[in-house]
Amino acid sequence: MSVFFFLQLSGFFSSLIILTHWINSILFHFRCLRSSFLPCFAWGWFLYFLIYMVGRWFAFSVETVQMLFTSLAFGVPLISLLWYYVHPGAQTKTLRAWINLPLDKGTLVLVALFVGAMIYIGPYLEYPSDPLFHLFSTQIWESTRAIDTASGRQARFAYILNHWLLQSSGLSLGKREGVALLGAVLQGILLWEFIRFTRLFTPNIWIGWLGGIASLGFFGTSAFSFFRYYVLAPTFPAYIVFLEAVIWMLFCFFRQRLFHLVLLLPLIAFCWQNHNQEVLLLVNIGAGTGLFLLIYSYRTTQLPTLSSKFKKLLTGMICVGVVGTVLVALLVESNPGFQSYQDAHKEKFLMPSYHLLGWQMWFYRFSRIDQALGLAGWLAMIGAAWIVFFAPCSRKLYILAGICLWPLIVLWNPLFIEILLKQVPSDTLYRLFYGSFYWILLVLLLEYLNNRYFNSISFFHSHLWQRYFRNLSLLFFPAAILLIGLSFYAHTPIRGRMPHLFTKVDTPQLNGQNLTQTIAYLRDNVPSHCTDSKQQLHFPIRTHIFSDPYVNTYLGTTGYFYTISNRWGPFDVYNKMTGSKNFNPLPFLQFLKTQEICYVILYPQNNAPDSHWADVSGHWLVDYANTHKYYSSPFLKWVQNSPEYLEPVFQDGIIRIYKVL
């Protein structure tokens, strides 16, 4: 990795903090604002996002946009240093921007240790997991001419931003050290955000740390940790911005200042372009917060109370929401193309409940919800229901319990399902639980039970112990250890995600590192031997490689090679031609000519170990990396005996590269 890579990465994350701090300083002129609720990174990300959007509107080249990113990343920290050099007394005045944020030494050490561990473990790029698709979408900007020519799922701000950050790390040659560093820092930011979120509900710093650790072990789906599985995806920065938006939204609700929700608009725009799922989560949490805040106001007379004006406003909003929900369900039609997808997958993810006026109703299957929750999640749902309906508690804990329970109410309400199916694929509805924060509620439940029932058993009466543990009883610590211990069991019914987070997948056959020399050879030789008569704007350097899906997937992640297949196929080419026992060379040669293939790569491996995470999660076959099934014996013999068509030019173990003549 180059020195420039480290400087640019450092400048970028520094600029995020500085830009956000500058905007927050402007917002401090409003007396009602509090620093602990304002964003710490989101405004900076949004300004980079604005550059990207302007680039799309005016069709800037990729190089121009990345040059603007570089100027901002180096210019902002430099201007900040010059400002503090010229105004040395201004630093103490701006420190109030960090009041009540978890920036104590213990939190910073915890986050730093986690970042170091993630750098050592490295990125999760096991074939054929989703991170490979996100790495491909990041590196596709290596061969895209202009910002407005990229389309579909690849045209996300997060992808070009990651490509800009990783471009000088050697990623196009297959190196992954830069990915490990960038991913570790992003995961560290998310961990810090969860600690910050937890601290909003408790004054105890240990509870904040425990909330962050619980997020590492329980946040995700099936056996996969959200931290590691989605770190290269657009959902990752969108989720960080979403968390900061939720914190601000809770402030507006608690302080009864709904007008200040207008500050969410730029954050919503950022999330919508990167991954609109987070917008759905934010809207869902807003609806749940308003409802449970109103319920709590009638349930208790404890301070602080809601004003009668704010109660009427919430009641009116809820009534409008209910009427609007019914009208949308009855009147709004889904896109026909999207509806065909829903119909094809509906029975797999949904169950019919009953008919109403000839209208079939649906609710979400238990099995899909269980993949997101696991045992710990269901315990959190039970605890949330107990708090909402029976337990006397603070307003903050009550609202968090309502937020935790709300996705379950939505997914088991046929009317809500009917609306969601018009815009959201049925196979992703379980992701509403990404906004339930049940892993945070579990920790706060332990604290609540400790304070209400076991505080008298505390043995920490000295001032030193009270300073750090704040009346935590001896019974609290075994319960906390048991809770975190559950996260280390990945199988059902617990579905802990800690093993996936901290397992180093270093088997070359499962992570593609055995293709390093192959990629290097192709990068050196492809430009001089391959031409493209069908040049497209999306791929100005369009180099055609034929190989099996395993090899093609890792070639695609370099952002340089155009391949016939990817991690999910299509497999018909291999089944009909190269994998057939009745191999016929004529159709295969015609295929090479039609597709303008210039290199054929053979990698018939049959000794790849079974994938542990495939076995645990069930998301793909355990022997998926064994590629010998794509090559029949007649095909392999023909290739070896046909130098007039395929010239052998490179060999690395059982990997062979042939040049098409």
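Peer 1: Can you explain the packing of aromatic side chains? Please cite residues and give values.
Peer 2: Applying the stated criterion to the full structure yields 71 aromatic pairs. Between the aromatic rings of Y430 and Y434, the centroid separation amounts to 6.3 Å while the plane-to-plane angle is 85°, which identifies the pairing as edge-to-face. For the pair Y430 and Y434, one class covers both residues: buried. Here the aromatic rings of Y631 and F635 are separated by 6.2 Å at their centres, their planes lie at 15°, and the arrangement is stacked. Residues Y631 and F635 agree in their burial class; the two are buried.

Peer 1: Tell me about the environment of I369, and please be specific about residues and values.
Peer 2: Position of I369 among the secondary structure elements: in helix α16 (residues 366-389). You can call I369 buried: its relative accessible area is 0%. Apart from the residues lying within four places of it in its own chain, the contact partners of I369 are Y364, W378, L408, L411, W412 and F433.

Peer 1: Give me helix α11 (residues 235-254): which residues, what numbers.
Peer 2: Under the 1.5 Å per step criterion, the end-to-end length of α11 is 27 Å for 20 residues, consistent within 8% with the ideal 28 Å. With 20 of 20 residues buried, α11 is to be regarded as a mostly interior element. Phi for Q256, located one or two positions after α11, is positive at around 60°.

Peer 1: Pulling in residues and values, what's your account of unusual backbone geometry?
Peer 2: What you tend to see is this: most non-glycine residues have negative phi, and most peptide bonds are trans. In this structure, P128 follows Y127 across a cis peptide bond, with omega equal to 0°. Here the bond from T492 into P493 is cis, since omega is 5°, no more than 30 degrees from zero. At S222, a position not held by glycine, the phi torsion is positive, near 55°. Positionally, S222 belongs in the loop between β1 (220-221) and β2 (224-225).

Peer 1: Can you lay out the side chain of N514 for me, pointing to particular residues and giving the numbers?
Peer 2: On the secondary structure map, N514 appears in the loop between α23 (508-511) and α24 (516-529). Here the side chain of N514 touches Y603 through a polar contact of 2.4 Å, side chain to side chain. When neighbours within four sequence positions are excluded, N514 is seen to be in contact with P508, Q509, Y550, Y603, D652 and I655.

Peer 1: How would you sum up the nonpolar core? Please name residues and give values.
Peer 2: The biggest cluster of nonpolar side chains holds 222 residues, and the ones touching the most others in it are W45, Y239 and F437. For F437, the residues in contact, after removing those within four places along its chain, are F194, F197, Y239, F242, L243, V246, I285, L400 and I403.

Peer 1: Go over the pairing of strand β8 (residues 646-652) with me, naming the residues and quoting the values.
Peer 2: In the sheet, β8 pairs with strand β9 (residues 655-660) via six bridges, with the strands oriented antiparallel. Within β9, the residue paired with D652 across the bridge is I655. Once β8 ends, the chain turns through two residues before running back antiparallel as β9, passing G653 with a positive phi of about 70°.

Peer 1: Summarise the pattern of salt bridges; cite the residues concerned and give the values.
Peer 2: Once the charged atoms of two side chains with opposite charge are near each other, the side chains can pair. Considering all chains together, one arrives at three salt bridges under this definition. Ionic pairing is found between R196 and E244, a salt bridge with its closest N-O pair at 3.6 Å. Residue R196 is found in helix α8 (residues 177-199), and its partner E244 is found in helix α11; the two are separated by 48 residues along the sequence. Two residues, D370 and R495, come together in a salt bridge whose shortest N-O distance is 3.4 Å. One end of the pair, D370, is in helix α16; the other, R495, is in the loop between α21 (476-486) and α22 (498-502), and 125 residues separate them in sequence. Given the relative accessible area of 13%, D370 is considered buried. In this structure R495 comes out as buried when scored by relative accessible area, which is 11%. Within the structure, one salt-bridge network assembled from shared partners comprises E193, R196 and E244.

Peer 1: Summarise the packing of helix α1 (residues 3-27) against helix α2 (residues 42-57); cite the residues concerned and give the values.
Peer 2: With their axes 6 Å apart at the nearest point, α1 and α2 run at an angle of 110° to one another. Compared by their axis directions, α1 and α2 come out roughly perpendicular. The segment α1 lies against α2, with F12, S15, L16, L19, T20, I23, N24 and L27 engaging A42, W43, G44, W45, L47 and Y48. Split by residue class, the contact of α1 with α2 holds ten nonpolar, four polar and no charged.

Rules used throughout
- Residues numbered from 1 in each chain as written.
- Predicted model: local features only at pLDDT ≥ 70, side-chain atom pairs only at ≥ 80, totals over all residues.
- Heavy atoms only, no water.
- Phe/Tyr/Trp six-rings, centres within 6.5 Å; stacked < 30°, edge-to-face > 60°.
- Buried < 20%, exposed > 50% of the residue type's maximum accessible area, 1.4 Å probe, protein only.
- Helix = DSSP H or I, 4+ residues; strand = E, 2+ residues; numbered from the N terminus.
- Contact = heavy atoms within 4.5 Å.
- Expected span 1.5 Å × (residues − 1).
- Polar contact = N/O pair within 3.5 Å; in protein donor to acceptor, adjacent residues only side chain to side chain.
- Core = buried A, V, L, I, M, F, W, Y, C linked by side-chain atoms within 4.5 Å.
- Pairing = 2+ DSSP bridges.
- Salt bridge = Lys/Arg side-chain N within 4 Å of Asp/Glu carboxyl O.
- Axes fitted to C-alpha atoms, helices over the stretch in contact; angles between N-to-C directions.
- Parallel < 35°, antiparallel > 145°, perpendicular 65-115°, else oblique.
- Nonpolar A, V, L, I, M, F, W, Y, C, P; charged D, E, K, R; others polar.

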